[in-house]
Amino acid sequence: MRILVVEDEALMAELLRRCLVENGFAVDVAPTGEDGLWYTGESDYDAIVLDVMLPGKNGFGVLREMRAAGSWAPVLLLTARDAVEDRVRGLDLGADDYLVKPFALAELLSRLRALIRRGARERPAVLTVGDLSLDPATRSVVRDGRPITLTAKEFALLECLMRRPGQVLSKSELIEHVWDFTFDADSNVVEVYVGYLRQKIDRPFGTQSLRTSRGAGYWLRDDSADRTARAKQAGHAQGVL
């Protein structure tokens, strides 16, 4: 999933970026409120980590303008101020959660996963398409009862596809949500990683769930019914023999 971090403290911003990247997120970082607003106007994010105490336009102002512009990505506010009035103000302006500094990175990750699940679309805790399941919290993938080991980018690509099963996602959409803002959209990285995924989630299981829609993009289908039918046909054939 793709995250925007709006944080003016360079060390904190880098710490958050590294933590999120290591956990499979694509991350953009904005050092000011104005930059944060520009990013939200240019791209769709699955969640936003927004510091309240920003130079110039503070986090409350950024949040107000985001919501007024129709940007409804889940927002996790970060602040060193623990006053009830500040928390109430942020939540009333449209924030989805609030975390007071200092905080544990594990808690921040857990809160972000919760916000993503509560997004505009249905976001179950464990994603399932046929006999393929993916758990964002434990970063585990299982097919037909067998665990599958994926790299961080393979996991992120599969998660993006599994959040929209049956829907064709273009190459640019996949790059936007799995890589970062400055990534070269003309590269063949999507094709390469789709190939990696097929080697791990389809070929060992005799499935073809990760499909190509020529000229349009890629999509994930539930082929469990097809597998059952093939198994029955094989059983009948063996019985005949």
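In what follows, the structure referred to is the one given above.
Described in the following lines is the structure provided in the data block.

About the thresholds
- Residues numbered from 1 in each chain as written.
- Predicted model: local features only at pLDDT ≥ 70, side-chain atom pairs only at ≥ 80, totals over all residues.
- Heavy atoms only, no water.
- Buried < 20%, exposed > 50% of the residue type's maximum accessible area, 1.4 Å probe, protein only.
- Helix = DSSP H or I, 4+ residues; strand = E, 2+ residues; numbered from the N terminus.
- Pairing = 2+ DSSP bridges.
- Core = buried A, V, L, I, M, F, W, Y, C linked by side-chain atoms within 4.5 Å.
- Contact = heavy atoms within 4.5 Å.
- Polar contact = N/O pair within 3.5 Å; in protein donor to acceptor, adjacent residues only side chain to side chain.
- Axes fitted to C-alpha atoms, helices over the stretch in contact; angles between N-to-C directions.
- Salt bridge = Lys/Arg side-chain N within 4 Å of Asp/Glu carboxyl O.

Burial of the side chains of strand β8 (residues 140–143) is restricted to one face: Val141 and Arg143 are buried, whereas none of Ser140 and Val142 on the reverse face is. Relative to β8, strand β7 (residues 132–135) runs antiparallel, the two sharing 4 bridges. Pairing of serine 133 across the sheet is with valine 142, part of β8. Hairpin connection of β7 to β8: 4 residues between the antiparallel strands, including arginine 139 at a positive phi of 55°. Pairing of β8 with strand β9 (residues 146–148), which is carried by 3 bridges, proceeds in the antiparallel orientation. Within the sheet, the bridge partner assigned to valine 141 lies in β9 and is isoleucine 148. Hairpin connection of β8 to β9: 2 residues between the antiparallel strands, including aspartate 144 at a positive phi of 55°.

Time to look at the nonpolar core. Leu20, Leu108, Leu158 and Leu220 are the most contacted members of the largest nonpolar core, which has 48 residues in total. Ranked by residues supplied to this core, first place goes to helix α6 (residues 152–162) with 7 residues. Residue contacts for leucine 158: discarding those within four places in its chain leaves Leu132, Leu134, Val141, Leu150, Leu197, Ile201 and Leu220. With 19 residues, the next largest nonpolar core counts Tyr39, Leu50, Val52 and Phe60 among its residues.

Take the side chain of threonine 207 next. Examined against the element boundaries, threonine 207 turns out to sit in the loop between α8 (189–202) and β10 (210–213). For threonine 207, a relative accessible area of 5% translates into the label buried. Engagement of the side chain of threonine 207 in a polar contact is seen with the side chain of aspartate 202, the distance being 2.6 Å.

Read across the open sheet, the 5 strands follow the order β2-β1-β3-β4-β5; overall the sheet is parallel. Each edge of the open sheet carries a strand with a single partner, namely β2 (26–30) and β5 (97–100). When strand polarity is set aside, the average angle formed by the axes of neighbouring strands in this sheet is 20°. Of the strand pairs in this sheet, strand β3 (residues 47–51) and strand β4 (residues 75–79) are connected by 4 bridges, and their pairing is parallel. In the sheet register, leucine 50 faces β4, and the bridge partner there is leucine 77. On top of the sheet, helix α1 (residues 10–22) reaches β1 (2–6), β2, β3 and β4; it is set at about 170° to β2, its chief contact.

Further remarks concern the sheet that holds β9. In spatial order, the strands read β6-β7-β8-β9; together these 4 strands make up an open sheet with antiparallel pairing. The outermost strands of the open sheet, each flanked by one partner alone, are β6 (127–129) and β9. Recorded for the sheet is a direction-independent mean angle of 20° between the axes of neighbouring strands. Docked against the sheet, α6 engages β6, β7 and β8, running at close to 115° with respect to β7.

Inspection of every chain in the model, using the stated rule, returns 13 salt bridges. Here lysine 200 ties to glutamate 154 by a salt bridge, and the two come within 2.7 Å at their closest N and O atoms. One end of the pair, lysine 200, is in helix α8; the other, glutamate 154, is in helix α6, with 46 residues separating them in the sequence. Its relative accessible area of 4% is what places glutamate 154 among the buried residues. Connected through salt bridges with shared partners, the residues Glu7, Asp51 and Lys101 form a single ionic network.

That's the geometry; what it means functionally is another story.
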